[in-house]
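The chain contents come next:
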Amino acid sequence: ALHAFLQFADLRKAASDPSGELERLVREAYLTPREAEAVDLAHVRRFFAGELAGRILRSGRVEREYRFTVEIPAADANPGLALPADDERVVLQGAVDCVFEEDGGIVIVDFKTDRTNDPDALWRRYSGQLKLYRRALAQCTGKNVNECLLYSFPMNRAVSRKIIS
């Protein structure tokens, strides 16, 4: 429900009046009343009060649920895969929660609701996914990916580490 809220919300309105924006999303059938009940507005308020939301709101271009389809080496999709040839390729499809432009490049944000207080564990769990997102978006957009972030709603913070190619 929180992901759906962030996907469909007018971010500026959500930043200033999250409950009003939630009501609009229900009224316009982006969310069901039951989904709206599951949206923790305290998490939403804390997110919009933070630095990452400010960066997103200042960006000239923000896309949510950025869908992509790219062809990549199979070994990149599954590094443990034993392949008969080095040139085996696979199609990778996905959707990135939020992508925004900043400083001539793009920033990838993946929203997480995992109930953990361990940023390192969260990063370990999703770093492979972010590595694939980074590769796909660089290929799709032709732009440099400046940063990949996880935003943890339970921890109320962005989590970032260097991604090793």
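Before reading further, recall that the structure is shown in the block above.
Structural notes, computed from the coordinates. Note that this is a predicted model, so its numbers are computed, not measured.

Moving on: the pairing of strand β4 (residues 145-152). For β4, the tally of buried residues reaches 6 of 8 residues, placing the bulk of the element in the interior. Of the pairings in the sheet, the one linking strand β3 (residues 105-112) to β4 comprises 7 bridges and is parallel in character. When the bridges of β4 are listed, V107 appears paired with E147. Chirality of the crossover, the property in question, places the unit of β3, helix α8 (residues 119-141) and β4 among those that are right-handed. With 3 bridges connecting them, β4 and strand β5 (residues 157-159) associate as antiparallel partners. Counterpart to S152 in the pairing with β5 is R157. Between the end of β4 and the start of β5, which pair antiparallel, lie 4 residues, with N156 showing a positive phi angle near 55°.

Both the distance between ring centres and the angle between the ring planes are used here to describe each pair of aromatic rings. For the structure shown, the criterion picks out 8 aromatic pairs. Ring centres of Y151 and F153 lie 4.8 Å apart, and the angle between their planes is 75°; on these two criteria the pair is classed as edge-to-face. A relative accessible area of 4% places Y151 in the buried class. Take F153: its relative accessible area is 2%, and that puts it in the buried class.

Another point: the sheet that holds β5. In a beta sheet, neighbouring strands pair by backbone hydrogen bonds and run either parallel or antiparallel. As summarised here, the arrangement of the 5 strands in space is β1-β2-β3-β4-β5, forming an open sheet in which the pairing is mixed. Each having just a single partner strand, β1 (62-73) and β5 make up the two edges of the open sheet. The average angle at which neighbouring strand axes cross in this sheet is 45°, direction not considered. Its contacts with the sheet place helix α6 (residues 51-58) against β1, β2 (89-102), β3, β4 and β5, and it is angled at close to 90° to β2.

Take the environment of F111 next. Tracing the chain through its elements places F111 in strand β3. On the basis of relative accessibility, which here comes to 6%, the residue F111 falls in the buried class. Note: C-alpha distance between F111 and L149 (38 residues apart in sequence) is 8.5 Å. Residues within four places of F111 in sequence aside, it is in contact with H3, L6, F47, D97, C98, Y151 and F153.

This next bit is on the pattern of salt bridges. Inspection of every chain in the model, using the stated rule, returns 10 salt bridges. Of the charged contacts in the structure, one is a salt bridge between E102 and R55, with a shortest N-O distance of 2.5 Å. Highlighted residues: E102 in strand β2 and R55 in helix α6, separated in sequence by 47 residues. Of the charged contacts, one joins R61 and E101 as a salt bridge, the two residues approaching to 3.8 Å between their closest N and O atoms. Residue R61 is located in the loop between α6 and β1, and its partner E101 is located in strand β2; the two are separated by 40 residues in the primary sequence. Sharing partners across several salt bridges, the network here consists of R61, E63, E101 and K143.

Rules used in this analysis
Residues numbered from 1 in each chain as written. Predicted model: local features only at pLDDT ≥ 70, side-chain atom pairs only at ≥ 80, totals over all residues. Heavy atoms only, no water. Buried < 20%, exposed > 50% of the residue type's maximum accessible area, 1.4 Å probe, protein only. Helix = DSSP H or I, 4+ residues; strand = E, 2+ residues; numbered from the N terminus. Pairing = 2+ DSSP bridges. Right-handed = clockwise from strand over helix to strand, strands pointing away. Phe/Tyr/Trp six-rings, centres within 6.5 Å; stacked < 30°, edge-to-face > 60°. Axes fitted to C-alpha atoms, helices over the stretch in contact; angles between N-to-C directions. Contact = heavy atoms within 4.5 Å. Salt bridge = Lys/Arg side-chain N within 4 Å of Asp/Glu carboxyl O.

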